[in-house]
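Read off the chains here:
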Amino acid sequence: MKAVTWQGHRDVRVDDVPDPRIEEPTDAVIRITSTGLCGSDLHLYEVLTPFMTPGDILGHEPMGIVEEVGSDVTNLRPGDRVVVPFQIACGHCFMCDTGLPTQCETTQVHGEGMGAALFGYTRLYGAVPGAQAEYLRVPQAQFGPIKVPDGPSDDRFVYLSDVLPTAWQAVEYAAIPPGGTVAVLGLGPIGDMSCRIALARGAERVFGIDLVPERLARAKRRGVQTYDLRAFDDEKALVEAIREETSGRGPDAVIDAVGTEAHGSAAAKLAQTATAMMPRKIAAPFAERFSIDRLAALHTAIDLVRRGGTISLSGVYGGMADPMPLLTLFDKQIQMRMGQANVRRWTDDILPYLTDQDPLGVDDFATHRVPLAEAPHAYEMFQRKQDGAVKVLMQP
């Protein structure tokens, strides 16, 4: 089959790889009909290269048709249309029963000290072959895949794999009070969808911050009060502008949908770039002990949120030596929640929004649809924020 493989820093290719097969009684194999390109994939393309191996299959946002199931998978049958969550979880351990499938005790990657295995996301998360491919082996298929009806296009449901539950959890963790305010840093796919969900769930005002004109315009059309970071001398001026809109306090909550590759933080950017360019045998141990993030977005969130407010982190951070402004966090009594989205915990809440009325605008959420063969160009375009790229879907 054809699959998108990682070959090095900013080097992805579409290669022929072996077809997946049933290996465990709890497996399924699906034929992928749509698969997304995620901002998290760009971290593998750019800064998390020390944890990758040439030939790794990328991707974690698929949907498709069940082709084959293992003997213990009784809830699926060939021909079912399914969305596959990006994390792999059993559904019956203590952590899954607690609503935390990202910490599944059956699939935790104990050798790396990490949580549940993820599709296509480095050896830290199990080096499981990913979903930017023609076919996908799905472990723990008795729990993970979400059956969806025939009829509507893939666009209606494919975002249940990651974008929708990640944005939903970001809003849930933000704990926006009824009629409250929230600022969203970064208007890529997760930030954009977080704005839509916050408005749909009753936030009075949503402030969206970015520096890409197309992303700002897209959010503004959905009722978001947008701020172009380039229009301010620095982040302090941005913070003051939003405080003036919130009685001088700042918003009740801030969602950081940017993560480790924030603009600014020149020294951290240099360190990330240098690590990514090192030989892998040297880079991986170095990154595990000394990696740092570009924390500009997080520092802005801490400065911006009102005292006693909440910061919700959905952007990926991976640093092991990040300096945190604990004095400010403590003094402002800021609450902070974070983590990979617990997909199956939220899908039942999200499904009522995926109707023909399309209140979240999923049917036209994708800005680009490309054949799988064009994946290398799609990665480059998305990483460079070219051609108005916000969300890319690939069709094998």
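Remember, predicted model here, so these are calculated numbers, not experimental data. (Residues numbered from 1 in each chain as written. Predicted model: local features only at pLDDT ≥ 70, side-chain atom pairs only at ≥ 80, totals over all residues. Heavy atoms only, no water.)

**Section: the overall build of the protein chain**
To keep it simple, the criterion reads: The secondary structure listing takes helices from DSSP runs of H or I that are at least 4 residues long and strands from runs of E that are at least 2 residues long, numbered from the N terminus. We call a residue buried when its accessible area falls under 20% of the maximum for its residue type, exposed when it is over 50%, and partly exposed in between, using a 1.4 Å probe and counting protein chains only. Here, two residues are considered to be in contact whenever any of their heavy atoms come within 4.5 Å of each other.
For the protein chain, the count of helices and strands is twelve helices and 15 strands. Residues classed as buried in the protein chain amount to 55% of the 396 residues present. Of all intrachain contacts in the protein chain linking residues separated by at least 6 positions in sequence, the fraction that spans at least 24 positions is 73%.

**Structural notes on the side chain of Ser314**
When you line up the elements, Ser314 lands in the loop between strand E12 (310–313) and helix H10 (326–331). Owing to a relative accessible area of 17%, Ser314 belongs among the buried residues under this scheme. Setting aside chain neighbours within four positions, we find Ser314 in contact with Thr166, Ala170, Ile190, Ile255, Asp256 and Ala257.

**A closer look at the layout of surface pockets**
The cut-off we apply is this: Within this scheme a cavity is a closed region of a 1 Å grid, computed over the protein atoms alone, that accommodates a 1.4 Å probe without allowing it to escape, whereas a pocket is open but has protein on both sides within 12 Å along at least five of seven lines; lining residues each have an atom within 4 Å of a point. Grid points are joined across faces, edges and corners, and a volume is the space filled by probe spheres set on the points. In the scheme used here, Gly and all other residues not listed as nonpolar or charged are polar, with Ala, Val, Leu, Ile, Met, Phe, Trp, Tyr, Cys and Pro taken as nonpolar and Asp, Glu, Lys and Arg as charged.
For the second largest pocket, the calculated volume is near 230 Å³. The wall of the second largest pocket is formed by 15 residues, among which Pro18, Pro20, Ile57, Pro129 and Arg137 lie closest to the centre. Grouping the amino acids of the lining of the second largest pocket by side-chain chemistry returns nine nonpolar, two polar and four charged.

**Some points on the sheet that holds strand E9 (residues 205–210)**
Basically, it comes down to this: Think of it this way: DSSP has to see at least two bridges between two strands before they count as a pair. Axes here mean lines fitted to C-alpha atoms, for a helix over just the part in contact, with angles spanning 0 to 180 degrees between N-to-C directions.
In spatial order, the strands read E10-E9-E8-E11-E12-E13; together these six strands make up an open sheet with parallel pairing. Edge positions in the open sheet fall to strand E10 (225–228) and strand E13 (335–338), since each of these has one partner strand only. Neighbour-to-neighbour, the strand axes of this sheet turn through a mean angle of 20°, independent of strand direction. Taken together, the four bridges between strand E8 (residues 181–185) and strand E11 (residues 253–256) define a ladder with parallel strand orientation. Along E11, the bridge assignment pairs Leu185 with Asp256. Helix H3 (residues 163–174) contacts E11, E12 and E13 of the sheet and is inclined by roughly 160° relative to E12.

**As for the packing of aromatic side chains**
In plain terms, the rule: Any pair of Phe, Tyr and Trp rings, taking the six-membered ring for Trp, is counted once the centres come within 6.5 Å. Such a pair is stacked with planes under 30 degrees apart, edge-to-face with planes over 60 apart, and tilted for the rest. Ring-over charges, as used throughout, are those where CZ of Arg or NZ of Lys falls within 6 Å of the ring centre and within 35 degrees of the ring normal.
On inspection of all chains with the given rule, the structure shows six aromatic pairs. Arranged with centres 5.2 Å apart and planes meeting at 75°, the rings of Tyr159 and Phe365 form a pair that is edge-to-face. Of this pair, Tyr159 sits in the loop between strand E7 (146–147) and H3 while Phe365 sits in the loop between helix H11 (343–350) and strand E14 (368–371), and the two are 206 residues apart along the sequence. This pair shows no difference in class: Tyr159 is buried, exactly as Phe365 is. Across the ring face of Trp168, the terminal group of Arg201 is positioned such that the distance to the ring centre comes to 4.4 Å. Positioned over the ring face of Phe365 is Arg218, at 4.7 Å from the centre of the ring.

**Some remarks on the pattern of salt bridges**
To keep it simple, the criterion reads: In what follows, salt bridge is the name for a side-chain nitrogen of Lys or Arg lying within 4 Å of a carboxyl oxygen of Asp or Glu.
Here the structure, examined in full by the defined rule, presents 23 salt bridges. Taking the shortest distance from any N to any O, the salt bridge between Asp16 and Lys2 comes out at 3.1 Å. With a gap of 14 residues between them, Asp16 in strand E2 (residues 11–16) and Lys2 in strand E1 (residues 2–8) connect regions that are remote in the sequence. Taking the shortest distance from any N to any O, the salt bridge between Arg307 and Asp331 comes out at 3.0 Å. One end of the pair, Arg307, is in the loop between helix H9 (296–304) and E12; the other, Asp331, is in helix H10, with 24 residues separating them in the sequence. Residue class for Arg307 comes out exposed when judged on its relative accessible area of 53%.

**Section: the environment of Ile311**
Here Ile311 is to be found in strand E12. Judged by its relative accessible area of 0%, Ile311 is buried. Through-space distance from the C-alpha of Ile311 to that of Asp252 is 8.9 Å; in sequence the pair is 59 residues apart. Discounting chain neighbours no more than four positions away, the residues touching Ile311 are Val254, Ala301, Ile302, Val305, Ile334, Gln335, Met336 and Arg337.

**Describing the pairing of strand E15 (residues 392–395)**
The two faces of the sheet receive side chains in turn, since in a regular strand these alternate between them. Inclusion rule: When the strands point away from the viewer and the path from the first strand over the helix to the second turns clockwise, the crossover is right-handed.
As paired elements, strand E3 (residues 28–37) and E15 share three bridges and run antiparallel to each other. Residue pairing across strands places Gly36 opposite Leu393, the latter belonging to E15. The pairing of E14 with E15 spans four bridges and is parallel. Looking at E15, one finds that Pro371 is bridged to Gln395. For the handedness criterion, the β-α-β arrangement of E14, helix H12 (residues 375–383) and E15 is classed as right-handed.

**Concerning helix H1 (residues 39–46)**
Among the eight residues that make up H1, seven are buried, leaving the element largely enclosed by the rest of the structure. Every buried residue of H1 is listed here: Ser40, Asp41, Leu42, His43, Leu44, Tyr45 and Glu46.

**Here's the deal with the packing of H1 against H12**
How we decide: Each angle is binned into one of four classes, with values under 35 degrees roughly parallel, values over 145 roughly antiparallel, values of 65 to 115 roughly perpendicular, and all other values oblique.
Between H1 and H12, the shortest axis-to-axis distance is 10 Å and the interhelical angle comes to 100°. Between H1 and H12, the crossing angle belongs to the class labelled roughly perpendicular. Contacts between H1 and H12 involve Gly39, Asp41, Leu42, Tyr45 and Glu46 from the former and Tyr379, Glu380, Phe382 and Gln383 from the latter. Considering only residue class, the contact of H1 with H12 consists of four nonpolar, two polar and three charged.

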